[in-house]
Amino acid sequence: MNANRKTKQDNLHHLFSTLAEKKQFNGTILVAEKGEITYKGAFGLADFKTERKLTSRSIFDLASVSKAFTAMGIMILQEQGKLSYDDPVKNYIHELPYPGITIRHLLQHTSGLPDYMSFFLKQWDRSKFVTNKDVLDMLKEDQPPVRFQPNEQWEYGNTAYILLALLIERVSRMSYADFLQTEIFRPLEMQYTRVYNRRYSHERIEDYAYGHVYAAESNTYELPDHVPSVDYVVFLDGVQGDGAISSNVDDMLRWDRALYTDKLVKRSTLEEAFRPVKLNNQETFDYGFGWLLPKDQTGGRIVSHSGGWPGYHTYFIRYIDEDKTIICLNNIEQDTAFEQMILAEIDNILFERPYTIPASPPAEEAAVEIDTTVYSQYIGTYQLFPEGEIQVTQKETRLFFQLPVLSMTELLPLSETRFFPRATFDQVEFIRNESGKATEMILHSSGQSRKAVRIQ
């Protein structure tokens with residue numbers, strides 16, 4: 001190992017061991033350059049109940065990092081001559097009631113299709129699992145309105161990738177899981193990677209990293225299955241395509257290396273996957289086929305994706321001009337802004353810039369004492385467009401709020417009108433009318449502010 005790589009290794013170990021000592025990182029990390037591992041580590045627990053520790057081979061739910069595999073399945077079928085990106089989706093999924101949507105629109109999040117989760121969270125018998133067929137049946141029978149016409153806007157969503165998984169099955173005449181196993185995982189010797197719906201299938205995988213969320217009421221980390229605000233992970237466990245792939249850092253490095261070759265598809269096909277969206281008005285957006293396309297500080301090309309699901313935050317970042325890779329898999333719910341700070345420091349170390357240990361989110365000690373009778377003025381439902389509704393509740397002398405599809409979080413007071421969610425850099429501000437009742441909520445996050453209007 002050369003001196004520069006040894007320095008990077010030492011710095012990365014210092015960063016992650018420090019974070020782990022502070023209990024600010026629970027997961028696995030792999031950093032590679034030109035395919036050679038610069039640093040690999042595992043910190044924390046795979047199962048908080050049994051205190052089983054994570055290992056570098058621990059397998060995680062990738063959440064939306066799975067989308068790149070779904071997109072690759074479509075690309076393989078395209079190269080086999082079985083479909084074209086600009087084919088209408090209705091050519092393959094005849095019962096889809098939305099005209100004008102192409103396969104490309106699904107790949108690039110420009111279809112305008114409504115989000116399936118919001119429907120099933122409100123209108124589903126939670127004793128039954130939701131499957132991809134149920135999502136298609138919902139679109140066919142209920143026909144919720146589109147968000148916009150195809151290719152008029154870009155809006156990230158999950159419904160499109162469920163349809164892509166169904167499309168793969170109809171075209172290949174194989175199950176989505178078998179197709180990916182046959183065409184991607186097995187050829188790349190990704191022996192720890194699979195489509196995995198653990199609750200739906202009742203299968204168990206050795207060395208599996210169970211995702212944990214912070215349960216505000218009990219002040220402990222628990223499986224989301226047992227936390228009412230996010231227990232939808234159980235009945236939504238039958239869907240595939242937008243997520244549902246599990247893997248580990250070593251297999252993800254094998255995936256990374258294959259994307260520099262023509263093992264799966266031609267290089268020209270890969271280049272199209274890394275091409276930005278072009279909308280009807282000629283505006284572009286930095287998203288390809290299952291990949292975000294940011295640029296680094298030196299202008300080099302990056303293709304990346306993140307994944308979030310209750311208990312999991314995952315990151316797969318490829319600096320394709322420099323051939324550097326970051327694979328970060330977490331199995332606890334954590335502040336997104338803090339995770340971005342960690343990734344920024346990995347980037348600094350990787351490119352030999354000065355780095356620091358990220359400043360921690362404010363602790364509970366930052367809260368001030370206020371008259372908690374004011375909380376009754378804030379309880380209600382607030383509409384946050386387009387994400388959905390925010391619920392604010394009170395239990396005894398504690399105030400809680402819940403963002404769409406996230407776990408309930410305690411709000412700690414900075415003043416009578418301004419609060420911060422536990423262990424985050426975010427702040428929540430209530431706007432009150434003359435009688436003192438809240439009419440709006442302002443969410444302050446990462447330098448941006450968003451308004452939510454009280455509707456109940």
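Reading the values: rules and limits
Residues numbered from 1 in each chain as written. Predicted model: local features only at pLDDT ≥ 70, side-chain atom pairs only at ≥ 80, totals over all residues. Heavy atoms only, no water. Helix = DSSP H or I, 4+ residues; strand = E, 2+ residues; numbered from the N terminus. Rg over C-alpha atoms; globule rule 2.2 N^0.38 Å. Buried < 20%, exposed > 50% of the residue type's maximum accessible area, 1.4 Å probe, protein only. Lys, Arg positive; Asp, Glu negative; His and termini not counted. Charge placed at Lys NZ, Arg CZ, Asp CG, Glu CD. Phe/Tyr/Trp six-rings, centres within 6.5 Å; stacked < 30°, edge-to-face > 60°. Lys NZ or Arg CZ within 6 Å of the ring centre and 35° of its normal. Expected span 1.5 Å × (residues − 1). Contact = heavy atoms within 4.5 Å. Polar contact = N/O pair within 3.5 Å; in protein donor to acceptor, adjacent residues only side chain to side chain. Domains from an automatic or database assignment. Buried area = accessible area lost by both parts, 1.4 Å probe. Axes fitted to C-alpha atoms, helices over the stretch in contact; angles between N-to-C directions. Parallel < 35°, antiparallel > 145°, perpendicular 65-115°, else oblique. Left-handed = near helix turned anticlockwise from the far one by under 90°. Pairing = 2+ DSSP bridges. Nonpolar A, V, L, I, M, F, W, Y, C, P; charged D, E, K, R; others polar.

Asks: Looking at this model, I keep getting lost on the overall build of the protein chain. Mind explaining?
Replies: A tally of regular secondary structure across the protein chain gives 12 helices and 22 strands. Computed over C-alpha atoms, the radius of gyration of the protein chain comes to 22 Å, within 12% of the 23 Å expected from 2.2 N^0.38 for 456 residues, which places it in the range of a compact globule. Across its three principal axes, the protein chain shows a C-alpha extent of roughly 65 × 60 × 45 Å. Residues classed as buried in the protein chain amount to 54% of the 456 residues present. Here the protein chain holds 49 positive side-chain charges and 63 negative ones, and the gap between their average locations is 4 Å.

Asks: In this structure, what is going on with the packing of aromatic side chains? I would like to understand it.
Replies: A ring pair, where both rings are aromatic, is described by two values, the distance of the centres and the angle of the planes. Summed over the entire model, instances satisfying the criterion amount to 29 aromatic pairs. Their ring planes at 70° and their centres at 5.6 Å tell us that Phe69 and Phe185 sit as a pair that is edge-to-face. Remark: Phe185 occurs in helix 7 (residues 176–185) and Phe69 occurs in helix 2 (residues 67–79); sequence separation between them is 116 residues. Residues Phe69 and Phe185 agree in their burial class; the two are buried. Summarising the aromatic geometry, the rings of Phe119 and Phe120 are spaced 5.3 Å apart at their centres and angled 80° between planes, so their arrangement reads as edge-to-face. Among the aromatic side chains, those forming a connected cluster through ring pairs are Tyr375, Tyr378, Tyr382, Phe419 and Phe430. The ring of Tyr161 is capped by Lys67, whose NZ or CZ atom sits 5.8 Å from the centre of that ring. Seen from the ring of Tyr214, Arg422 lies directly overhead, with NZ or CZ sitting 3.5 Å from the centre.

Asks: Looking at this structure, how should I read helix 1 (residues 3–21)?
Replies: An α-helical segment advances 3.6 residues per turn. Residues three or four places apart therefore align on the same side. The end-to-end C-alpha separation of helix 1 is 27 Å, in line with the 27 Å expected for 19 residues at 1.5 Å each. Along helix 1, the residues that are buried comprise Arg5, Lys8, Leu12, Leu15, Phe16, Ser17, Thr18 and Leu19. Contacts from the buried residues of helix 1 go to strand 1 (27–33), strand 2 (36–43), strand 14 (324–330) and helix 12 (336–350). The distance from a side-chain oxygen at the start of helix 1 to the backbone nitrogen of Asn4 is 3.3 Å, and the residue carrying that oxygen is Asn2.

Asks: What is the right way to read the domain arrangement of the protein chain from this model?
Replies: Accessible area lost when the parts come together is the quantity often used to give the size of an interface. Domain annotation of the protein chain identifies domain 1 (3–351) and domain 2 (372–454). The distance between the C-alpha centroids of domain 1 and domain 2 comes to 30 Å. Contacts between the two partners involve 19 residues from domain 1 and, on the opposite side, 17 residues from domain 2. Both sides together, the interface formed by domain 1 and domain 2 hides about 1,300 Å², and carbon and sulfur atoms give 53% of it. Counting the surface domain 1 buries against domain 2, the share from its top three residues, Ala216, Glu217 and Asp335, is 36%. Summed over the shared surface of domain 1 and domain 2, the result is 4 residue pairs in polar contact (both at pLDDT 80 or more). Looking at the side of domain 1 that touches domain 2, the elements that each hand over two or more residues are helix 4 (116–122), strand 7 (213–215) and helix 12.

Asks: What am I meant to see in the packing of helix 5 (residues 132–141) against helix 6 (residues 159–172) here?
Replies: In helix packing, the relevant descriptors are the interaxial angle and the interaxial distance, both defined with respect to the helix axes. As a packed pair, helix 5 and helix 6 sit with axes 10 Å apart at the nearest point and diverge in direction by 110°. Overall, the two elements helix 5 and helix 6 adopt an arrangement that is roughly perpendicular. Considering the relative orientation of helix 5 and helix 6, their crossing is left-handed. Seen from helix 5, the contacting residues are Asn132, Val135, Leu136 and Leu139; seen from helix 6, they are Thr159, Ile162, Leu163, Ala165, Leu166 and Arg170.

Asks: Explain the pairing of strand 22 (residues 448–454) to me, please; I cannot follow it from the model alone.
Replies: It is a general feature of regular strands that their side chains alternate between the two faces of the sheet. Relative to strand 22, strand 15 (residues 380–384) runs antiparallel, the two sharing 2 bridges. Bridge assignment links Tyr382 to a residue of strand 22, and that residue is Arg454. When strand 21 (residues 438–445) meets strand 22, the two strands line up antiparallel, connected through 6 bridges. Residue His444 lies in a different strand from strand 22, and its bridge partner there is Ser449.

Asks: Is there a simple way to explain the side chain of Ser304 in this structure?
Replies: In this fold, Ser304 is placed in strand 12 (residues 302–309). Judged by relative accessible area, Ser304 falls into the buried class, the value being 10%. For Ser304, the residues in contact, after removing those within four places along its chain, are Trp291, Leu292, Pro294, Phe316 and Ile317.

Asks: Hey, could you run me through the packing of helix 2 against helix 6 in this one?
Replies: Contact geometry for helix 2 and helix 6: axes closest at 10 Å, N-to-C directions at 35°. Judged by the sense of rotation from one axis to the other, the crossing of helix 2 with helix 6 is left-handed. Across the interface between the two elements, Lys67, Thr70, Ala71, Gly73, Ile74 and Leu77 of helix 2 pack against Tyr161, Leu164, Ala165, Leu167, Ile168, Val171 and Ser172 of helix 6. Of the residues belonging to the contact of helix 2 with helix 6, the class tally is 9 nonpolar, 3 polar and 1 charged.

Asks: What is the right way to look at the side chain of His212 in this model?
Replies: Its location among the elements puts His212 in the loop between helix 8 (198–201) and strand 7. Classification of His212 as buried rests on a relative accessible area of 2%. Within the structure, His212 has its side chain in polar contact with the backbone nitrogen of Phe48 (distance 3.2 Å). When sequence neighbours within four positions are dropped, the list of residues in contact with His212 reads Ala46, Asp47, Phe48, Tyr221, Glu222, Leu223, Gly311, Asn331, Ile332 and Glu333.

Asks: Help me understand the environment of Met190 in this model?
Replies: Here Met190 is to be found in the loop between helix 7 and strand 6 (194–195). For the pair Met190 and Met252, spaced 62 residues apart in the sequence, the C-alpha separation amounts to 7.9 Å.

Asks: Teacher, can you tell me more about the sheet that holds strand 15 here?
Replies: Sheet architecture is closed into a barrel: 8 strands sit in the order 15-16-17-18-19-20-21-22, paired in antiparallel fashion. Neighbour-to-neighbour, the strand axes of the sheet open up by a mean angle of 30°, direction not taken into account. Relative to strand 17 (residues 398–402), strand 16 (residues 388–395) is paired through 5 bridges, and the arrangement is antiparallel. Following the sheet pairing, Gln391 is matched in strand 17 by Gln402.

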